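# An overview of the molecular structure
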Amino acid sequence: MVVVRSVNREKVVGRSWVDELKSSGKSFVISKWEVQEAWERVKANKGAPGVDGCSIEEFEKDLGNNLYRIWNRMSSGSYFPPPVRAVEIPKSDGGTRVLGVPTVADRVAQTVVAKRLETKVEPIFHPDSYGYRRGRSALDAVGTCRRRCWKSDWVIDLDIRKFFDTVPWDLVLKAVAANTDDPWVLLYVRRWLEAPLHLPDGSVQARDRGTPQGSAVSPVLANLFLHYAFDAWMDREFPTVQFERYVDDAVVHCVSYAQAQYVARAIGDRMSQVGLELHPVKTKIVYCKDGKRTGAHEHTAFTFLGFTFQARGARRKDGTGFTSFLPAVSTQALKRMGEVVRSWRLHRRTGHTLADLAAVINPIIRGWQQYYGTFYRSALYGLFSRINAYLLRWIRRKYERLRAFTKAKASWRRVTIACPALFAHWSWCRSAW
């Protein structure tokens, strides 16, 4: 019996399939614990079934055999991924984005490879690469972008057209090969890249480029590719030009319009060299106009990671007002949140108590507060007032004696004063009219 150092491993040590930490007599040396830990990460991330229809819960019913099968095939080199289930989701611009949903077993296998590769490549990644990296977040990227916009007058808002659909396989594999000594990592990355898409109509579509967005291994492959295609290239060609990149979404800061034009052209040429293309409409040069920058330009705002940067009113510590270039939740993000709020149909849930409603919506609201409320949180007050308006309508529907607006309003004030923490957003906004 092996000695296990963590509580989680003690829970699974009785399972026969993990009696050995290392594989033996196999083509590739892959630890069984790597597969076990990959499963735990996949389970924590949840996710939908793939083409086989097997859910997380169903996979777990025969967990030992399922994980052993993955380990055995990966260790022997005989693991071949099934097709990836294609799911179309709407985009904010009215188009659709195709996500690839691997099977649960395939997500476990991908996570094993992703973790091996992450261990190798994380030390070489650029400090201004923020996407899918431990200890870094989208909010870190937005905060850094805000500070740099105060210092530099111009921004290049970059948009790589259909990055995940068009990234060339040969350069991805070249980047992987340069950063691993494990031949099986390169072998399985190649097989995942070549895995076909299973479309909603039941047909199977072969691919010759791209990596399905939504797979467990795609984030590290995307970061590794763009490290060489963009980050390292920018450091080499424009060492004084700062940027923030979150996977394929990037912002570049320039000190003048002429510099922004030159750098934008150079980046466009670079993307062409590596088989990619900048979106001709969405990629633009933006003037960071505020109270002191009084020049004129076609574009004076841009959106980055759900926040729109533009001139906004602000206050100094002494209370005096001024105009600064600041991020706040974007109109598109507010629209999506508004659609969620409308789907709750709070005013019709008269069979529930206020506490019941709070238990349902508070986790979602807290997530919005923690992300979109980090910068210029007053931009969320309109959304929260709308939620309150639904709750006020709920009061008037549920209690006949409070049908009159004046009585419902008085009741609302009593409840918000007596239970100010009942709803998460009440600490920010209690207005309902």
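Residues numbered from 1 in each chain as written. Predicted model: local features only at pLDDT ≥ 70, side-chain atom pairs only at ≥ 80, totals over all residues. Heavy atoms only, no water.

## Overview of the pattern of salt bridges
Here the structure, examined in full by the defined rule, presents 16 salt bridges. Among the ionic pairs, R116 bridges to D182, the shortest N-O distance being 2.9 Å. A residue pair is termed long-range when its members are at least 10 positions apart, and R116 in helix 5 (residues 104-121) and D182 in the loop between helix 8 (169-177) and helix 9 (183-194) qualify at 66 residues. Look at R116 and you get partly exposed, because its relative accessible area is 22%. Its salt-bridge partner being R209, residue D208 comes within 3.5 Å of it at the nearest N-O pair. A cluster of three or more residues bridged by salt bridges with shared partners is formed by E34, R116 and D182. (Salt bridge = Lys/Arg side-chain N within 4 Å of Asp/Glu carboxyl O. Helix = DSSP H or I, 4+ residues; strand = E, 2+ residues; numbered from the N terminus. Buried < 20%, exposed > 50% of the residue type's maximum accessible area, 1.4 Å probe, protein only.)

## Quick word on the sheet that holds strand 2 (residues 96-101)
As summarised here, the arrangement of the four strands in space is 2-1-4-5, forming an open sheet in which the pairing is mixed. Only two strands of the sheet have a single neighbouring strand rather than two, namely strand 2 and strand 5 (204-205). Relative to strand 4 (residues 197-198), strand 1 (residues 84-90) runs parallel, the two being bridged by two bridges. Across the sheet, the residue bridging to V84 is L197, located in strand 4. (Pairing = 2+ DSSP bridges.)

## Here we look at the environment of A232
Within the secondary structure layout, A232 lies in helix 10 (residues 218-237). Taking relative accessible area as the criterion, A232 reaches 21% and is therefore assigned partly exposed. Sequence-wise, A232 and R85 are 147 residues apart; in three dimensions their C-alpha atoms are separated by 34 Å.

## A closer look at unusual backbone geometry
Non-glycine residue Y132 carries a positive phi angle of around 55°. Here Y132 is to be found in the loop between helix 5 and helix 6 (138-151).

## Details of helix 4 (residues 63-76)
The terminal C-alpha atoms of helix 4, which comprises 14 residues, lie 20 Å apart, in line with the 20 Å expected from a rise of 1.5 Å per residue. All of the buried residues in helix 4 are L63, N66, L67, I70, W71, M74 and S75. Seen end-on, helix 4 carries its buried residues on one side only, within an arc spanning 155°. Buried positions along helix 4 lie against helix 2 (32-45), helix 3 (56-61), helix 5 and helix 9. Positive phi shows up at G77, right after helix 4, with a value of about 85°. (Expected span 1.5 Å × (residues − 1). Arc of directions from axis to C-beta. Contact = heavy atoms within 4.5 Å.)

## Side note on the side chain of T144
Along the polypeptide, T144 turns up in helix 6. What makes T144 buried here is its relative accessible area of 8%. In contact with T144, other than residues within four places in its own chain, are D128, Y130 and E244.

## Things to note about the pairing of strand 6 (residues 243-246)
Burial along strand 6 is two-sided: the face carrying F243 and R245 and the face carrying E244 and Y246 are both buried. Pairing analysis gives four bridges linking strand 6 to strand 7 (residues 249-254), with the strands arranged antiparallel. Note that in strand 7 the partner of F243 across the bridge is V252. Counting the residues in the hairpin turn of strand 6 and strand 7 gives two residues, including V247, whose phi is positive at 55°.

## Topic: the packing of helix 2 against helix 5
Following both chains from N to C, one finds helix 2 and helix 5 inclined at 115°, their axes separated by 8 Å at the closest point. With respect to each other, helix 2 and helix 5 are oriented roughly perpendicular. Handedness of the crossing formed by helix 2 with helix 5: right-handed. Listed contacts from helix 5 to E34, V35, E37, A38, W39, R41 and V42 of helix 2 are V104, R107, V108, T111, V112, K115, R116 and E118. Of the residues contributing to the contact of helix 2 with helix 5, the split by class is seven nonpolar, one polar and seven charged. (Axes fitted to C-alpha atoms, helices over the stretch in contact; angles between N-to-C directions. Parallel < 35°, antiparallel > 145°, perpendicular 65-115°, else oblique. Left-handed = near helix turned anticlockwise from the far one by under 90°. Nonpolar A, V, L, I, M, F, W, Y, C, P; charged D, E, K, R; others polar.)

## Concerning the nonpolar core
Side chains of nonpolar character tend, in soluble globular proteins, to be buried together. Core analysis: the biggest nonpolar cluster contains 120 residues, and M74, V252, I267 and F302 have the highest contact counts within it. Beyond its immediate chain neighbours, meaning those up to four positions away, I267 contacts L158, F230, W233, M234, V252 and L278. (Core = buried A, V, L, I, M, F, W, Y, C linked by side-chain atoms within 4.5 Å.)

## With respect to the packing of aromatic side chains
Summed over the entire model, instances satisfying the criterion amount to 25 aromatic pairs. Geometrically, the ring pair formed by F238 and Y262 is edge-to-face, given 6.0 Å between the ring centres and 80° between the ring planes. Linking F238 in the loop between helix 10 and strand 6 with Y262 in helix 11 (residues 257-273), this pair joins segments that are 24 residues apart in sequence. Taking the centre distance of 5.7 Å and the plane angle of 45° together, the rings of F307 and Y372 count as tilted. Residue F307 is located in strand 10 (residues 307-315), and its partner Y372 is located in helix 13 (residues 354-372); the two are separated by 65 residues in the primary sequence. As far as the burial class goes, F307 and Y372 line up, both buried. One aromatic cluster is present, built from ring pairs that chain together F307, Y371, Y372 and F375. For R312, the ring lying beneath its charged end belongs to Y376, and the centroid distance is 5.5 Å. (Phe/Tyr/Trp six-rings, centres within 6.5 Å; stacked < 30°, edge-to-face > 60°. Lys NZ or Arg CZ within 6 Å of the ring centre and 35° of its normal.)

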